[in-house]
Amino acid sequence: MTTESSQPDHDQPRHARPGANGADSPSGPHWPSGWPAGPLAAGQPDGHASSGGAGTGTATVAGPETSMIDYVGASSPHLGSGPLLGLEARNVSAWFGSNKVLDRVSLDMQPGRVTALIGPSGCGKSTFLRILNRMHEMVRGAALAGEVLLADEDIYHPSQRPADVRRRIGMVFQKPNPFPAMSIYDNVASGLKLAGIKVSNKDHVVETSLRRAGLWGEVQRRLRTPGGALSGGQQQRLCIARSLAISPSVLLMDEPCSALDPTSTRRIEETITELQNQVTIVIVTHNMQQAQRVSKYCAFFLAAEGTPGHIVESGPTEKVFDDPVDPRTADYVHGRFG
Amino acid sequence: MTTDAQALRSTAVPAERRVRIRQVSGAGAMTLGGAAGGALALTWLLYERILAASGVLGFWLSWYVIFLLMYAAMAAMQWDKLAVRDRVASVALAGAGVLTCAIVFDQVGFSLARGLAAVTHVSFFTHTLANAGPLSPMADGGVLGAMVGTLEEIGLATLFSVPLGITAAIFLVEVGGAWARPVRTLVEAMTALPDIIAGLFVLAFAILTLGLQHCALAASLALAVTMMPIVARGSETVIRLVPGMLREASYALGSSQWRTVWNVVLPTARSGLSTAVVLGMARGIGETAPVLLTAGYIKGLNFNPVNGWQTSLPMLIFNERQQPDANDLARAFGAGFTLLLLVLVLFTIARLLGGNKPGELSRRSRRRIARETVRR
Ligand SMILES: Nc1ncnc2c1ncn2[C@@H]1O[C@H](COP(=O)(O)OP(=O)(O)O)[C@@H](O)[C@H]1O
Ligand SMILES: [Mg+2]
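Fair warning: this is a prediction, and the values are worked out from it, not measured in the lab.

Participant: Where do I start with the layout of surface pockets in this structure?
Facilitator: If a probe the size of a water molecule is rolled over the atoms, the empty space left behind becomes visible. A volume near 580 Å³ is recorded for the largest pocket. Where the lining of the largest pocket is concerned, the elements lending two or more residues are helix 6 (144–175), helix 7 (180–191) and helix 10 (244–252) of chain B.

Below, the structure is given as C-alpha cells:
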C-alpha cells in the first residue's frame, strides 16, 4: 500500500463522488426517478437503438421511435436502461479461504465512461469484477471486506438482495455462454424470465437488445434457431444482448474478446463504444490496444510475489499509458513484463 | 511451369479423385480372413479330433481366442509393434460389438421364433385369456389384458418415480450440503434393493396396513420404488454435466436458484434426463416379483387401475410358461416378444420427448435455415 501515496490520481475521484450519481453526470442523460415511458422506447441519447444493428432487412416490430415498452412493475426505476449510475469500490479486500487475493482496492467507476482494468493474470481482476455484482460470494470459501456503492447504496448492505444487485449490474463472461437449450430469441428473452421481469412487448425488447449489441442484422432471420449455432463472436454479442435485455445500469465485462478473432473483437469494441453513454461499463482486458481504444479510465492491478493484488495506478487512460507515475505501470503497458 | 499450365488448359480438367482415407488394403483383409479361417480349422481339429470336447459356446470361445492370437502373430510378421497393438485392439473391440448385437438379435429372434405361432394371429393382441381353456386353439386367447396392465402400471410408476428421482438428483447436485451424502448413500443402496423387497414393502405397508386394494396402483408403487433410484442416479450424472458457466450466466442475470434449475439446468440436461427415464422404465417394465405380490394375476381385462387384480406381461409369461400345452408356451413367447415391442415403443417416445441435444439442430430446422439463406 505504500505505493498508493505516490498516486495523486488515486483518491481524487472520491472527492468528485457526488457527481458520480447519474443525475449530475455531464455525459449521461437525466432520468428522473419516475421516468414516464420505457426508456428503451424513448430512445437512447444518441439513437443507437435504431442504428446499432447492421440495419438490413425489415424490422418485425414497430421502431423504437413509435412503440413503448410497458414494464409491468416499473416501480423500480432500474428496469429499463434508466439512470446512468456510477459504481464505487471502497477498500475492497477479498479472500479465497485463508488466501488473500485483493488488498484494499478502491476505484471509482463513473457513469458514461468506460473503465478498463489491466494487469497480469492472477492479480485479482476477475475477482474484483465479480465482487462488483456479488458473484464472488457464490464461490465456496470466498470472503470479502469493504464496500461497493452503486449510486450511494452499498450493494452489500444486508437489505440488498443479491439477485436484485445482479439485475442492475450485468456481467459478460470471458467465454461466450449462451444457453444451449434456447433459441437466439429465447436467449435474449431469458434475462427477463430469469429475473422475473414481465414485459408487455417482448419482441420489442429482444429486437432492441439485439440492435444495441450489434447483432440484429445477422440474426433477425433466424431468431428461432439455437444460440449455440452462432460463431464465437456472434455468441458473445448474443450474451451482451442477453445482459442488455434486463437493462442494467452497469455492465461488467471480463475479457470479453479473449476467445475471439480480430473481426469479432472489433465488432464488440464498436458495441462497447456505442453503449458507453447508455450503461456504465467496466472491462477487464489483456489487450493494451483494446484498453486504449475503448476506455477513458484505466486501473492497473498488480500482485507482487506472494502478496495480494492491489491497484498500482489508476487514472485517465491516456495518462496511464503515456505518462504513468509508477515505473511498473510503464513497464507493463509497454509490454516489458506480465 | 508455363508448359504445365498450357497442358492443363488444353486438355479438359480431369475429375478430381478424392483421397480414400479408410481404405481396406488387400493385405489387411487377407490377414483378417486368414486368421479367421486358420483359427476355425485349428479349433475344429482340437475339438473334434484331439480333445473330444463338445459344446457350441466353448467352441466359439476357443475360436475367438485362437483367432486373436493368430491375428496378432500374423500382424507381427508384417507391421511394427504399434500397428499390431492398434489392429488387434480394434479387432477385439469389433468382436465384442458383434457379440453384443448378436445377443440382442438372439433374444428378440428367439422369442419371435418360439412365439411366431401366437403373434401371427391378430386376435393375440385383441383378446384376453378369459376364454382360453387348457386346450383351446391359438386363435383363442391373447395378451390384451396384460398389455393394458403393463401400460397402466409402468405409466403410473413413471409418473411417481420420475419427478421423485429428478428432484432427488437436483437436491444432490444443486443443493448439496451435509445432507447430500446420506441421501446419495440411500439412493445407491436402493439401486441394489432386491425387487421382491419392494413388492413386500408395498404389500405390508400400503395394502395390509393402509388398506389399499391389490391393483395396478399398488403395483406401480412397488415399481416406482425400484425405478426411482435408477432415475435419480442417471439424472444426477447428467445434471452434474451441465456446465457451471451456464449457472453463473443465469445467476448473473439476477435469477434465483430455483429459476436457474428450472429454466437453464433442466432444459440443458433434457436429452440426458430422457435417457435416465428410459433406464428407469427398462428396470420397471420387466419386473415380475413386485407385481406378483401387489397386482396378482387374472385372465380377463381390468381397466381400473385402483381396483381389482390385474395382469402384466411378465406375469402372463410366468403363468403361461407353467402350462403344459404347447399353445400356452407359444403364447408365453409371444407375450415376451410383445413386451420387447412395447419397450421399443416406449423408448422411442421417451427419446422423441427428450429431443435433440441442446444446441443441436433438428433436420427440419437445418433445412429451414438453408431455405431462408437461399431466399436472402
Ligand atoms: N475459485 C477460486 N478458488 C481459489 N482461489 C481462486 C479462485 N479464483 C481465483 N483464485 C485465486 O485468486 C487470484 C486472483 O485470480 P483472478 O481474479 O482470477 O485473477 P485475474 O482475473 O486477474 O487473472 C489468483 O491467485 C487465483 O489463484
Ligand atoms: Mg481473469
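Participant: I'm lost on the interface of chain B and chain A in this one. Help?
Facilitator: Quite often, the size of an interface is put as the accessible area lost when its parts meet. At the interface, 26 residues of chain B touch 35 residues of chain A. Roughly 2400 Å² is buried in total at the junction of chain B and chain A, and carbon and sulfur atoms are behind 65% of that figure. The interface formed by chain B and chain A contains 1 salt bridge. Between Arg-130 of chain A and Glu-248 of chain B there is a salt bridge, with the nearest N and O atoms lying 2.8 Å from each other. Seen at the junction of chain B and chain A, the total is 4 residue pairs in polar contact (both at pLDDT 80 or more). Among the secondary structure elements, those contributing two or more residues to the side of chain B that touches chain A are helix 10, helix 11 (257–268) and helix 16 (363–375) of chain B. Within the side of chain B that touches chain A, the residues separate by chemical class into 11 nonpolar, 8 polar and 7 charged.

Participant: Help me understand the side chain of Glu-320 of chain B in this model?
Facilitator: Here Glu-320 of chain B is to be found in helix 14 (residues 313–321). Non-local contacts of Glu-320 of chain B, meaning those with residues more than four positions away in its chain, are made with Leu-129, Tyr-297, Asp-328, Leu-329, Arg-331 and Ala-332 of chain B.

Participant: Teacher, can you tell me more about helix 6 (residues 184–195) of chain A here?
Facilitator: An α-helix turns once per 3.6 residues; consequently, residues spaced three or four apart project the same way. All names here are of chain A. Taking 1.5 Å of rise per residue, the 12 residues of helix 6 would be expected to cover 16 Å, and the 18 Å separating its terminal C-alpha atoms lies within 8% of that figure. In terms of burial, helix 6 is a largely internal element, 10 of the 12 residues being buried. All of the buried residues in helix 6 are Ile-184, Tyr-185, Asn-187, Val-188, Ala-189, Ser-190, Gly-191, Leu-192, Leu-194 and Ala-195. Gly-196 sits one or two positions beyond helix 6 and adopts a positive phi of about 70 degrees.

Participant: Just checking my understanding: could you explain the pattern of salt bridges for this structure?
Facilitator: Any two side chains of opposite charge can pair, given that their charged atoms come close. All told, the structure shown has 23 salt bridges over all chains when counted by the stated rule. With a closest N to O distance of 3.8 Å, Arg-233 of chain B and Glu-188 of chain B form a salt bridge. Within this pair, whereas Arg-233 of chain B is found in helix 9 (residues 216–240), its partner Glu-188 of chain B is found in helix 7, the two being separated by 45 residues in sequence. By relative accessible area, Arg-233 of chain B is classed as partly exposed at 34%. Glu-320 of chain B is paired through a salt bridge with Arg-331 of chain B; the nearest N and O atoms lie 3.7 Å apart. You can see Glu-320 of chain B sitting in helix 14 and its partner Arg-331 of chain B sitting in helix 15 (residues 326–354), a full 11 residues away along the chain. You can call Glu-320 of chain B buried: its relative accessible area is 4%. When its relative accessible area of 1% is taken as the criterion, Arg-331 of chain B is described as buried. Each of Glu-218, Arg-237, Arg-266, Arg-267 and Glu-270 of chain A takes part in one network of salt bridges that share partners.

Cut-off values and rules
- Residues numbered from 1 in each chain as written.
- Chains lettered and ligands numbered in written order.
- Predicted model: local features only at pLDDT ≥ 70, side-chain atom pairs only at ≥ 80, totals over all residues.
- Heavy atoms only, no water.
- 1 Å grid on protein atoms, 1.4 Å probe; cavity = no way out; pocket = protein on both sides within 12 Å on 5 of 7 lines; lining within 4 Å.
- Points joined across faces, edges and corners; volume = space filled by probe spheres on them.
- Helix = DSSP H or I, 4+ residues; strand = E, 2+ residues; numbered from the N terminus.
- Contact = heavy atoms within 4.5 Å.
- Buried area = accessible area lost by both parts, 1.4 Å probe.
- Salt bridge = Lys/Arg side-chain N within 4 Å of Asp/Glu carboxyl O.
- Polar contact = N/O pair within 3.5 Å; in protein donor to acceptor, adjacent residues only side chain to side chain.
- Nonpolar A, V, L, I, M, F, W, Y, C, P; charged D, E, K, R; others polar.
- Expected span 1.5 Å × (residues − 1).
- Buried < 20%, exposed > 50% of the residue type's maximum accessible area, 1.4 Å probe, protein only.

By themselves, these figures tell us nothing about what the structure is for.
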